[in-house]
Amino acid sequence: MGKNIQPYSVLVVDDNRVNLKLIEKSLSKEGYQIHTADTGPDARASALENRPDLILLDIEMPGESGFEVIKKLKDNAATNAIPVIFLTGVSDVDAKLKGFDLGAVDYITKPFHPQEVLARVRIHLKLSIATNSLIQSQAGKLRQVTEAQAAMLPQPDEFPGARFGVYYKALEAAGGDFYDILNISENITGYFVADSSGHDIETSYMTASVKALLAQNCTPVYSPLESMKMINDVLVEILPPGKYLTACYMHINRSTMQATIIQAGHPPVVCLPVKGEPYLVLTEGDILGMFPDAGFGKVSVNISRGDRFFIYSDGLVESADNKVTWTSGADSLLPVYNSLRQVPFKDVPEAMISQLFGNGCHPEDDVVLLCVEV
Amino acid sequence: MDFDDLASRLEMDREDFLELAGLFVTTTQGDMDKIRQAMSGLNPADAASAAHSIKGAAGNLGFEKMADLAQTMEFQGKDGNLDGFDAHMEDMEKMLQGLQVLL
């Protein structure tokens, strides 16, 4: 065996030393590293210290029984993934059922043959290896999705003329929230925030599609409303049944000093005028990607240098736990925007999240918060 | 008692089997002490537990008569019945001594 090869390890637990030795001899000959314990507490201590790949556990032991040992192993995050095979009497059906109920993967009846023990150890190690491999593979794919999604989200330093700050947090690897910044011309910038139904892998592909559609359709040729309608028409065709987005598209023209906001079932934009109190820019519109003849809300606002706009997803203002929807939640946050007036626009999203969720509370959903300064 | 046959049933060599058989004698003597204590303390549950230990080890090594006797004692103990345990222990002692002589 090479120096770097770690043998698979098995913890054998039995109060009878003959049984321990018999299994130890049989398995060690086949290359397994064996740890032994003859009481329940020793077994648990060994499991924690040695992290064996598998545990063979006698049920009927004086003091702490095998059942209690399994239960405690399964209750401990450090040991609950270790497969346990229990050793029990041939006729003891109740014990077998109870062992499975507590989380054991198999049983071996006593008296046992060492070759049967070996065969069961092998098969359960193979299953464990396959399961771990599957978990690693899935985790790796989700990491790739997370990285790909992160790469699709523009950072403020990449778009200095857009003058925005952002906070983005996905609760799961494949986040449902999404934003994009579009340099439409030298003085026209598009800001897009969307929240898609679902948080699965399919959602991340939807994100990529929407980003491509934005790049194709948010151009000086089309008005903001036309851009959203064209994107909607394509999404209606390509999205799977039941999938849709709520979205907000804000188009700021720094030459004409006008902002146009298109709403597609999304929480209202907040405007914080440089001189004046913050207010919700209210308008209604259908969701994106569901209806071929969708109608979107449109509001145009005359803007001044230093005005700020906040576009966000419902995770900022909603709380299922506290039964708060964005229709009531959005309004209640207006004083918070006002209180951060002196904070540089790039830092406002982080500051606002700290203020809202900093004291031990956490968002219950994905959150994206964009602060745009004219 | 054919140790070569018992060893081959377990797919072990004779030397390993004899080591296990020696360990069996030691552990079984300990279990029998526990049974004696349980008998004098009129504690059939403890007697059953020690008999269960003997049964498992004897069965695994192929000492079937000892395993059968230990099972009888275990079941009786679980039923709260220590009747005939003196005779059972005498038989067990004889079988264990017989094994010890052969080792």
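Please refer to the structure higher up on the page.
Residues numbered from 1 in each chain as written. Chains lettered and ligands numbered in written order. Predicted model: local features only at pLDDT ≥ 70, side-chain atom pairs only at ≥ 80, totals over all residues. Heavy atoms only, no water.

Let us now look at the packing of aromatic side chains. To describe a pair of aromatic rings, you give the distance between the ring centres and the angle between the ring planes. All names here are of chain A. For the structure shown, the criterion picks out nine aromatic pairs over all chains. An angle of 75 degrees between the planes, with centres 5.8 Å apart, marks the rings of F86 and F100 as edge-to-face. With F86 in strand β4 (residues 84-89) and F100 in helix α4 (residues 93-101), this residue pair connects regions lying 14 residues apart in the sequence. Using a relative accessible area of 0% as the deciding quantity, one classes F86 as buried. F100 gets classed as partly exposed once you look at its relative accessible area, which sits at 36%. (Phe/Tyr/Trp six-rings, centres within 6.5 Å; stacked < 30°, edge-to-face > 60°. Helix = DSSP H or I, 4+ residues; strand = E, 2+ residues; numbered from the N terminus. Buried < 20%, exposed > 50% of the residue type's maximum accessible area, 1.4 Å probe, protein only.)

Residues and elements named next belong to chain A. Spatially, five strands are ordered β7-β8-β9-β10-β13 in an open sheet, and the strand pairing comes out antiparallel. Strands at the two margins of the open sheet, each flanked by one partner only, are β7 (177-183) and β13 (297-302). Ignoring strand direction, the axes of neighbouring strands in this sheet form an average angle of 15 degrees. In terms of strand pairing, β7 meets strand β8 (residues 188-196) through seven bridges, oriented antiparallel. Bridging across to β8, D180 finds its partner in F192. (Pairing = 2+ DSSP bridges. Axes fitted to C-alpha atoms, helices over the stretch in contact; angles between N-to-C directions.)

All right, on to the layout of surface pockets then. Regions of empty space are outlined by a rolling probe, equal in size to a water molecule, passed over the atoms. Quantified by volume, the largest pocket comes out at close to 570 Å³. Lining the largest pocket are 25 residues, with A:E60, A:G89, B:H52, B:K55 and B:E74 sitting closest to its centre. Those elements that place two or more of their residues in the lining of the largest pocket are β4 of chain A together with α3 (44-61) and α4 (64-78) of chain B. Here the element with the most residues in the lining of the largest pocket is α4(B); it accounts for six residues. The class makeup of the residues in the lining of the largest pocket is nine nonpolar, eight polar and eight charged. Put simply, the second largest pocket is a space of about 410 Å³. For the lining of the second largest pocket, the element with the highest residue contribution is helix α5 (residues 114-152) of chain A, accounting for eight residues. (1 Å grid on protein atoms, 1.4 Å probe; cavity = no way out; pocket = protein on both sides within 12 Å on 5 of 7 lines; lining within 4 Å. Points joined across faces, edges and corners; volume = space filled by probe spheres on them. Nonpolar A, V, L, I, M, F, W, Y, C, P; charged D, E, K, R; others polar.)

Another aspect to go through is the interface of chain B and chain A. The partner chain A presents 17 residues to the 22 residues of chain B that form the contact. Taken together, the two surfaces of chain B and chain A that pack against each other cover about 1800 Å², and 55% of this comes from carbon and sulfur. Of all residues in chain B, B:L23, B:H52 and B:N60 give up the largest surface area on contact with chain A, accounting jointly for 29% of the area buried on that side. If you look at where chain B meets chain A, you find four salt bridges. With a closest N to O distance of 2.8 Å, B:E19 and A:K25 form a salt bridge. Inspection of the region where chain B meets chain A yields seven residue pairs in polar contact (both at pLDDT 80 or more). For the side of chain B that touches chain A, the secondary-structure elements that each account for two or more residues are α2 (14-40), α3 and α4 of chain B. (Contact = heavy atoms within 4.5 Å. Buried area = accessible area lost by both parts, 1.4 Å probe. Salt bridge = Lys/Arg side-chain N within 4 Å of Asp/Glu carboxyl O. Polar contact = N/O pair within 3.5 Å; in protein donor to acceptor, adjacent residues only side chain to side chain.)

All names here are of chain A. Locating D307 in the fold gives a position in the loop between β13 and β14 (308-312). Within the buried set, D307 has no salt-bridge partner at all; the shortest N-O distance to an opposite charge, 7.3 Å, is to R341. Within polar-contact distance, the side chain of D307 engages the backbone nitrogen of V274 at 2.7 Å. Among the polar contacts listed, one links the side chain of D307 to the backbone nitrogen of S304, at a separation of 2.8 Å. Not counting the four nearest positions on each side in its chain, D307 is found in contact with L272, P273, V274, N302, V372, E373 and V374. (Lys, Arg positive; Asp, Glu negative; His and termini not counted.)

Attention shifts here to the pattern of salt bridges. Counted according to the given criterion, the structure contains 23 salt bridges over all chains. Between A:D75 and A:K71 there is a salt bridge, with its nearest N and O atoms 3.3 Å apart. In this pair, A:D75 and A:K71 both sit in helix α3 (residues 66-75), four residues apart, roughly one turn of the helix. Taking relative accessible area as the criterion, A:D75 reaches 58% and is therefore assigned exposed. Notably, a salt bridge pairs B:D33 with B:R36, separated by 2.9 Å at the nearest N-O pair.

This part covers helix α1 (residues 17-29) of chain A. Residues and elements named next belong to chain A. In a regular helix each residue adds 1.5 Å, so 13 residues correspond to 18 Å; α1 covers 18 Å between its end C-alpha atoms and thus fits that length. Those residues of α1 that fall on the buried side of the exposure criterion are V18, N19, L20, L22, I23, K25, S26 and L27. Backbone geometry just downstream of α1 places G31 in the positive-phi region, at approximately 100 degrees. (Expected span 1.5 Å × (residues − 1).)

A few words now on the environment of B:L23. Secondary-structure assignment places B:L23 in helix α2. C-alpha of B:L23 to C-alpha of B:A57: the two residues are 34 residues apart in sequence and 10.0 Å apart in space. Sequence-distant contacts of B:L23, that is, excluding residues within four places in its chain, are made with A:R17, A:V18 and A:K21.

Below, the discussion takes up the nonpolar core. Grouped together as the largest cluster of nonpolar side chains are 53 residues, with contacts concentrated most on A:L56, B:F24, B:I35 and B:F63. Sort the elements by how many residues they give to this core and α2(B) lands first, with ten residues. Those residues in contact with B:I35 that sit more than four places away from it in its chain are B:A47, B:A50, B:A51, B:I54, B:M73, B:F85 and B:M89. Counting 49 residues, the second-largest nonpolar core is a separate cluster that includes A:F178, A:Y179, A:I188 and A:C271. (Core = buried A, V, L, I, M, F, W, Y, C linked by side-chain atoms within 4.5 Å.)

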